[in-house]
Amino acid sequence: MTQNRNLGDGNQYIQSYISIFENSPVAYAIANQEGILLKVNKFLCKLLKGSASALQLRAINDFIYPDDIALVEQIKKYLVNQVQNKSYNNQSLGEVSNTAIEIRLVSFEGEIKWAKLNLNILPNIAKGIFEIVYMFQDINDEKRILNELAKSRKFNRQIVDTIPDMVIIYDHINKKYIYHNHAIWSSLGYTYDEWITSLKEIVHKDDLEKVVKSIKGLVDVDDETILTNEYRVRSKEGNWHWLKSRNRIFERRDDGSPQMVMEVIEDITEAKQNEHTLKNLVESVSTPNASSNFFTNLVSSLAQTLQIDCCFIGEINGNFKELKVIAMYKGKEVKENFSLPLEEMPCVSINRKGNEKGYIYANKVLEKYPNVSFLKKLKAESCGLQYLYGKENEVVGLLGIVGSQPIQKPAMVQSLLNVFGARAAYEISLSNKQQALENNFHEIKERKQELEKYINSNLQLENFAYVASHDLREPLRNIVSFSQLLEQRYKNLLGEEGASYIDFVVDSTKHMELLINDLLEYARINNEILKIQKENGNALLQRVLANLGNTIYKQGVQVNYDKESIPPLNISWTQSVQLLQNLLTNAIKFKHTQRNATINITTKIQGNYCQFSIADNGIGIEETYHDQIFVLFKRLHTKVEYQGTGIGLATCKKIVENHGGKIWLESVYGKGTTFHFTLPLAL
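Per chain, residue numbering runs from 1 following the sequence as it is written. With pLDDT at 70 or above as the cut-off, local features in this predicted model cover only qualifying residues; side-chain atom pairs require 80 or more to be listed or tallied, and sums for whole chains, interfaces and linings still use all residues. Only hydrogens and water are removed before side-chain values are computed, so all heavy atoms of the structure are retained for them.

## Here's the deal with unusual backbone geometry
This is how it is decided: Numbering of helices and strands runs from the N terminus; a helix is a DSSP stretch of H or I covering at least four residues, while a strand is a stretch of E covering at least two.
In this model, Lys 49 sits at a positive phi of 55°, which is unusual for a non-glycine residue. For Lys 49, the location among the structural elements is in the loop between helix 2 (42-48) and helix 3 (52-55). One non-glycine residue, Lys 364, lies in the positive phi region at around 55°. Within the fold, Lys 364 resides in the loop between strand 16 (358-361) and helix 11 (365-368).

## Structural notes on the packing of aromatic side chains
Where we set the bar: Only centres within 6.5 Å qualify two rings of Phe, Tyr or Trp (six-membered ring in Trp) as a pair; their planes then separate them into stacked at under 30 degrees, edge-to-face at over 60, and tilted for everything else. Buried means the residue's accessible area, taken with a 1.4 Å probe over protein chains only, is under 20% of the maximum for its type, while exposed means over 50%, and partly exposed covers the values in between. The criterion is that NZ of a Lys, or CZ of an Arg, lies within 6 Å of the ring centre and within 35 degrees of the ring normal, and then a charge sits over that ring.
The final tally for this structure, using the stated rule, is five aromatic pairs. Considering the side-chain rings of Tyr 134 and Phe 136, the 6.3 Å spacing of their centres and the 10° angle between planes classify their relative orientation as stacked. In this pair, the class of Tyr 134 matches that of Phe 136, namely buried. Centre to centre, the rings of Tyr 361 and Tyr 369 are 5.8 Å apart; their planes meet at 90°, and the pair counts as edge-to-face. Classification of Tyr 369 as buried rests on a relative accessible area of 9%. A cation over an aromatic ring shows up here: Lys 143 above the ring of Trp 114, its NZ or CZ 4.5 Å from the ring centre. The lysine or arginine in question, Lys 662, covers the ring of Trp 664, its NZ or CZ lying 5.4 Å from the ring centre.

## Regarding the sheet that holds strand 14 (residues 322-330)
Let me state the cut-off plainly: Any two strands are treated as partners once DSSP identifies two or more bridges connecting them. Interaxial angle, 0 to 180 degrees, is taken between N-to-C directions of lines fitted to C-alpha atoms, where a helix line uses only the stretch in contact. Note on contacts: a residue pair qualifies if any of its non-hydrogen atoms lie within 4.5 Å across the two residues.
Judged by pairing direction, the sheet is antiparallel, and its six strands sit side by side in the order 15-14-13-18-17-16 without closing on themselves. Two strands in the sheet have a free side with no partner beyond their single neighbour: strand 15 (333-341) and strand 16. Across the sheet, the mean angle from the axis of one strand to that of its neighbour is 15°, orientation sign disregarded. Two elements, strand 13 (residues 310-316) and strand 18 (residues 395-403), share six bridges in a ladder whose sense is antiparallel. Bridging from a neighbouring strand, Glu 315 pairs with Gly 397 of strand 18. In this fold helix 10 (residues 294-306) packs onto strand 13, strand 14, strand 15 and strand 18, with an angle of close to 55° to the strand it touches most, strand 14.

## Observations regarding the environment of Ile 64
Mapping Ile 64 onto the fold places it in the loop between helix 3 and helix 4 (66-84). Residue Ile 64 is classed as buried on the basis of its relative accessible area of 2%. For the pair Ile 64 and Ile 112, spaced 48 residues apart in the sequence, the C-alpha separation amounts to 9.2 Å. Contacts of Ile 64, omitting those with residues within four sequence positions, involve Ile 69, Val 72, Ile 103, Arg 104, Leu 105 and Val 106.

Structure follows, in structure tokens:
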């Protein structure tokens, strides 16, 4: 603060100063040459939290922080010397000036406050002395904010210097690096000056262009965009490091152009090496020699890549007591398919639903498992184990490594075991599925052979039945004819008993002939090559009703149906006629004697099939026999009660199956039966 004044008008100057003293919002104090306070204004009282009477006649230094008193005295001495070197009589003091300083004040309550102090000389011409004016500007809030900001900056800097990633600030306008954290030195060995002056020399020549492009590319992006890049840098020791950088703008000029660019760099050298190792390992495992398989390739490739003594993979048996070793690399040889007790393996307790995925003991593994014989035999220093999990998260196997030396990169080894553990678990599952498939194939093959034998036997039986029945028809006709002739000529000589014998022979022979005819028809249906074609469904039903018209009339049966309800069908006409005719005949035969017979025929579409339903109000069928009714030769009644051979419904079933349909029944004993069957539609 500079004051220019002429002592000739000193009284006027003093009056002006007193006016400012009383009315200014700044804290003022007037002290004598010894520093004793003579007058204070109300703002100083407020600043020091004391009354005017308490402050006056006290030394100003009582309220200045002890460490700052020497500085204040030094400034005061300088100003006093200036005044004393001037003459009052020449009416000119000249220029008396001081530089504002920041000091700390101590209030009556002991509170320390920051203030900006200006010292000035107030001459008293009448008395021939001068007084000292102290002007204090409260900067406590400002100082506090600055201190907090400084602390924040220091804290942020400490954070940036602590993180393992390299942080660089680049001045985009002046094209130079202005800051980097300590990670540059710890990762690459360069000091700040070495880094910013030799960057172009240490970046790999093949990557330098894309580094420059990455920085230039920030000109056209917003502040939220992060540009990434990967490039190689030579460390101070001469080794190449792979770096991954993330660049973004964090400060712009007034015209919006980028000013400061922050680059955060991660050293990914180990990740790149791991990637290279993994790639080579995958290639070696995925391209097996003709004499090896996945598992032998896996253990040998892992062992050689990781430079360890032993690598093994195995399945865990059902009782979790034994490890079936699929392949083990040991001593540069691979052993396959042998078993080891799980208690001899370097693993924790295993149960069916394990939670552990795996672990690595980089060194001193025998301290963890001192009683594991497997580790003792190999004089193990390190080991790693990966649990293999199945589809249901059950433990199915183990992938492990054992070494006589410490593992240098346990994270990389764990990653490799994780990756190949998952692949190995899949291969084990696939191998088990293939084995199950082979077992199923053998079983299917055996079943097929049995089926072929059955089919051949059945065909032979059908051929035999056809030939035998055909050859038996002629002798049966002769027996019937000669029995009837014998009855006509010698009936009187044979008597009633002899005549009854002849009747029995004739009746049995006729039944045998009916049975043979039905058997011939059944055999014909089995052996017949179907002639399938589109047929009119309504015409089919009309033909069947016409064939049975006389029987329906004589038996007084009421047949209900919709003449136009049956869609076109893709069927064998002959067999379909026989199917409907057999079922209608069956419904007429087993009518109830206590009520008029009624048959209802209905149809409905079921997908690609037409479902027929033939419902009668006859005697019905007991539920016990519902599953047996379609069996060949199965009869529910005696020949005396109802005529028949027990082949009709078996024939119906065969016809429906020949058409790819199905047949079933619903029946209530004493009330009636409904037969359902399906035949294919003509699409």
